[in-house]
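One letter stands for each residue in the lines below.
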Amino acid sequence: MKQFERIPVWSKIRIKELRSRREHLYFFLKYASEYAERTGDTVRPFGKKTWEGAFEEWDRQ
């Protein structure tokens, strides 16, 4: 549970992969990069707000 609390975005993606038996991480990382560019987060690694915002948008699709 501590991992989920510390890195919820990564944990949610891994759970999604396990449930669907498909890779999602590559597609999420690509989406997160595009999201960061759209929102002006040019610093790598992205901030927590960027990861969470990108995941929320990506997960709705």
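The coordinates are above.
Conventions and cut-offs
- Residues numbered from 1 in each chain as written.
- Predicted model: local features only at pLDDT ≥ 70, side-chain atom pairs only at ≥ 80, totals over all residues.
- Heavy atoms only, no water.
- Helix = DSSP H or I, 4+ residues; strand = E, 2+ residues; numbered from the N terminus.
- Rg over C-alpha atoms; globule rule 2.2 N^0.38 Å.
- Buried < 20%, exposed > 50% of the residue type's maximum accessible area, 1.4 Å probe, protein only.
- Contact = heavy atoms within 4.5 Å.
- Areas by Shrake-Rupley, 256 points an atom, 1.4 Å probe, with all protein chains shown as cover.
- Core = buried A, V, L, I, M, F, W, Y, C linked by side-chain atoms within 4.5 Å.
- Polar contact = N/O pair within 3.5 Å; in protein donor to acceptor, adjacent residues only side chain to side chain.
- Phe/Tyr/Trp six-rings, centres within 6.5 Å; stacked < 30°, edge-to-face > 60°.
- Lys NZ or Arg CZ within 6 Å of the ring centre and 35° of its normal.

J.: Even after reading the chapter, I still don't get the overall build of the protein chain, so can you show me in this structure?
T.: Looking only at helices and strands, the protein chain features four helices and zero strands. Order of helices (α) and strands (β) in the protein chain, N terminus to C terminus: α-α-α-α. The globule rule puts the C-alpha radius of gyration for 61 residues at 10 Å, and the 12 Å found for the protein chain is close to it. Principal axes of the C-alpha set define a box for the protein chain whose edges measure 30 × 25 × 20 Å. Residue burial in the protein chain is summarised as follows: out of 61 residues, 30% are buried. Long-range contacts, defined as pairs at least 24 residues apart, comprise 35% of the intrachain contacts of the protein chain with a sequence gap of at least 6. When the accessible surface of the protein chain is split by element, carbon and sulfur atoms take 52% of a total near 5000 Å².

J.: I would appreciate a short explanation of the nonpolar core in the present structure.
T.: General note: in soluble globular proteins, nonpolar side chains tend to be found buried as a group. In this structure, Val 9, Ile 13, Phe 28, Tyr 31, Ala 32, Tyr 35, Ala 36, Phe 46, Trp 51, Ala 54, Phe 55 and Trp 58 together form the largest nonpolar core, which totals twelve residues. Of all elements in the fold, only helix 2 (8–20), helix 3 (25–39) and helix 4 (48–60) reach the threshold of two or more residues within this core. Per-element tally for this core: the top contributor is helix 3, with five residues. Ignoring sequence-local partners within four residues, the contact set of Ala 32 consists of Phe 46, Trp 51 and Ala 54.

J.: How should the environment of Ser 11 be read in this particular structure?
T.: Structurally, the position occupied by Ser 11 is in helix 2. A sequence separation of 43 residues divides Ser 11 from Ala 54, and the C-alpha atoms of the two residues are 14 Å apart. In this structure, Ser 11 is in contact with Gln 3 and Phe 4, ignoring residues within four places of it in sequence. At 3.1 Å, the side chain of Ser 11 and the backbone oxygen of Ile 7 are in polar contact.

J.: Where do I start with the packing of aromatic side chains in this structure?
T.: Any pair of aromatic rings gets described here by the distance separating the centres and the angle formed by the planes. What the rule picks out here adds up to eight aromatic pairs. Among the aromatic residues, those joined into a cluster by ring pairs are Trp 10, Phe 28, Phe 46, Trp 51, Phe 55 and Trp 58. A cation over an aromatic ring shows up here: Lys 16 above the ring of Trp 58, its NZ or CZ 5.4 Å from the ring centre.

Everything listed here is a matter of coordinates, which is why it stays silent on function.
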